[in-house]
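# Examining the three-dimensional arrangement
Take a look at the letters that make up each chain.
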Amino acid sequence: MSAKNILLKPISAADARKVVEREHYSGKVVQNSQFHIGVFYNGSLEGAMQFGPSLDKRKVSGLVRGTGWHEFTELNRMAFSERLPRNSESRALGVAMRILAKHAPQIKWVVSFADGSQCGDGTIYRASGFVLTGIKENDQIIEFPDGLRETRLVLTDSRRPRRVELAKRYGVKIGGECSLHPFIAIGARPVPGYQFRYVRFIDPTWIDRLTVPVIPFDKIPDQCRMYRGQSRGSSNEASGVQPEAGGESPTLPLHSAGVDPSTGRLD
């Protein structure tokens, strides 16, 4: 079993949805994703990546000076099955960037967020040529007393049917106001953790346009280091955690390697 044997190619939104609902920890797709890449192994679709607009596109575009509305995208979802070989995630990210360069040449950079409160601090991004540009406390994931988790946005947006559905499920009275308080009153609480923001430059000449500092990976505070929603301090004690690439001076990915158009494999 080797990550070199995975095959990546564009897939339909419907196929990506099935993988994300089955394999992503949230079980939820991002409805406005626009570009979908499948990860195949031994002929079976075992992973999917969904790219699309950021929720706050105007704010995110300001991370890189002079970015046009169409010149960046967000990795909205990345869902892989346990059947894929070790290191498939980082290899697939590298190949995906080259597929984007081929099929969407207008895109100069990609942003993605690692959810430390449910997943991890972004080890696979660091192994795939992304640079860390932000760390903040994350209070956007809300957990109910029975263990169900939902985003703060869903619970405070009066236009979302899911909010009404959850209110009925827990016997919560809600009105038209965008408030979390009715759910807090029955014991729902924010899940403690951190959110990590990563940027990957498909066009490496654009790195000079970055408007925020690059955070060296070894400068991530110990209290912010997360693995599967749990603090892992300064040690990589969790199984499968790779050593962090780049150290004090994170290196950009090499762009000399390409994707074989006949197979979709990274040479």
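Residues numbered from 1 in each chain as written. Predicted model: local features only at pLDDT ≥ 70, side-chain atom pairs only at ≥ 80, totals over all residues. Heavy atoms only, no water.

## A short note on the overall build of the protein
Across its full length, the protein carries seven helices and twelve strands. Split into buried and exposed, the 267 residues of the protein put 47% on the buried side. In the protein, once contacts between residues fewer than 6 apart in sequence are set aside, the share between residues at least 24 apart is 71%. (Helix = DSSP H or I, 4+ residues; strand = E, 2+ residues; numbered from the N terminus. Buried < 20%, exposed > 50% of the residue type's maximum accessible area, 1.4 Å probe, protein only. Contact = heavy atoms within 4.5 Å.)

## Observations concerning the pattern of salt bridges
With the rule as written, the count across this model stands at eleven salt bridges. Residue Arg162 is joined to Glu150 by a salt bridge in which the shortest nitrogen-to-oxygen separation is 3.0 Å. One end of the pair, Arg162, is in helix 6 (residues 161-170); the other, Glu150, is in strand 8 (residues 149-151), with twelve residues separating them in the sequence. According to the relative accessible area criterion, Glu150 is buried, its value standing at 4%. A salt bridge links Asp157 to Arg159; the shortest N-O distance between them is 3.0 Å. Given the relative accessible area of 9%, Asp157 is considered buried. Residue Arg159 is classed as exposed on the basis of its relative accessible area, which comes to 71%. When salt bridges that share partners are traced, they join Arg22, Glu23, Glu46 and Arg83 into one network. (Salt bridge = Lys/Arg side-chain N within 4 Å of Asp/Glu carboxyl O.)

## Regarding helix 3 (residues 88-103)
Helix length check: helix 3 (16 residues) gives 22 Å between terminal C-alpha atoms against 22 Å at 1.5 Å per residue, within 8%. Within helix 3, the full set of buried residues consists of Ser88, Ala92, Leu93, Gly94, Val95, Ala96, Met97, Arg98, Ile99 and Leu100. (Expected span 1.5 Å × (residues − 1).)

## Quick word on unusual backbone geometry
Positioned with a positive phi, Asn42 is a non-glycine residue whose angle comes to about 55 degrees. Topologically, Asn42 is positioned in the loop between strand 2 (35-41) and strand 3 (44-52). A relative accessible area of 70% means that Asn42 is categorised as exposed. Even without being a glycine, Asn87 presents a positive backbone phi close to 75 degrees. Relative to the helices and strands, Asn87 is located in the loop between strand 4 (72-80) and helix 3. On the basis of relative accessibility, which here comes to 34%, the residue Asn87 falls in the partly exposed class.

## Some points on the pairing of strand 3
The buried fraction of strand 3 amounts to eight of the nine residues, a majority that puts the element mostly inside the structure. Where strand 2 meets strand 3, seven bridges bridge the pair, whose relative direction is antiparallel. Bridge assignment links Val39 to a residue of strand 3, and that residue is Gly47. Between strand 2 and strand 3, which pair antiparallel one after the other, the connecting turn spans two residues, and Asn42 there sits at a positive phi close to 55 degrees. By the bridge criterion, six bridges tie strand 3 to strand 4 in an arrangement that is antiparallel. Bridge pairing links Met49 to Met78 in strand 4. (Pairing = 2+ DSSP bridges.)

## What to know about the confidence of the model for the protein
For the protein, per-residue confidence averages 81 on the pLDDT scale, and residues scoring 70 or more make up 81% of the total. Mean pLDDT across the elements of the protein ranges from a minimum in strand 11 (residues 226-227), with 52, to a maximum in strand 2, with 96. The low-confidence segment residues 234-267 (pLDDT under 50) makes 72 contacts with residues lying over four places distant or belonging to another chain. (pLDDT = per-residue confidence, 0-100.)

## With respect to helix 6
Those residues of helix 6 that sit buried are Arg163, Leu166, Ala167 and Tyr170. Buried residues in helix 6, looked at end-on, bunch into an arc of 105 degrees, giving them a common side. In helix 6, the exposed residues that point more than 90 degrees away from the buried face are Pro161, Lys168 and Arg169. Each element contacted by the buried residues of helix 6 is listed here: strand 8, helix 5 (152-156) and helix 7 (181-184). Gly171 sits one or two residues past helix 6 and shows a positive phi near 65 degrees. (Arc of directions from axis to C-beta.)

## Some remarks on the packing of aromatic side chains
Applying the stated rule across the entire model yields five aromatic pairs. Ring centres of Phe72 and Trp109 lie 4.7 Å apart, and the angle between their planes is 10 degrees; on these two criteria the pair is classed as stacked. Within this pair, whereas Phe72 is found in strand 4, its partner Trp109 is found in strand 5 (residues 109-115), the two being separated by 37 residues in sequence. Each of the two residues, Phe72 as well as Trp109, counts as buried. (Phe/Tyr/Trp six-rings, centres within 6.5 Å; stacked < 30°, edge-to-face > 60°.)

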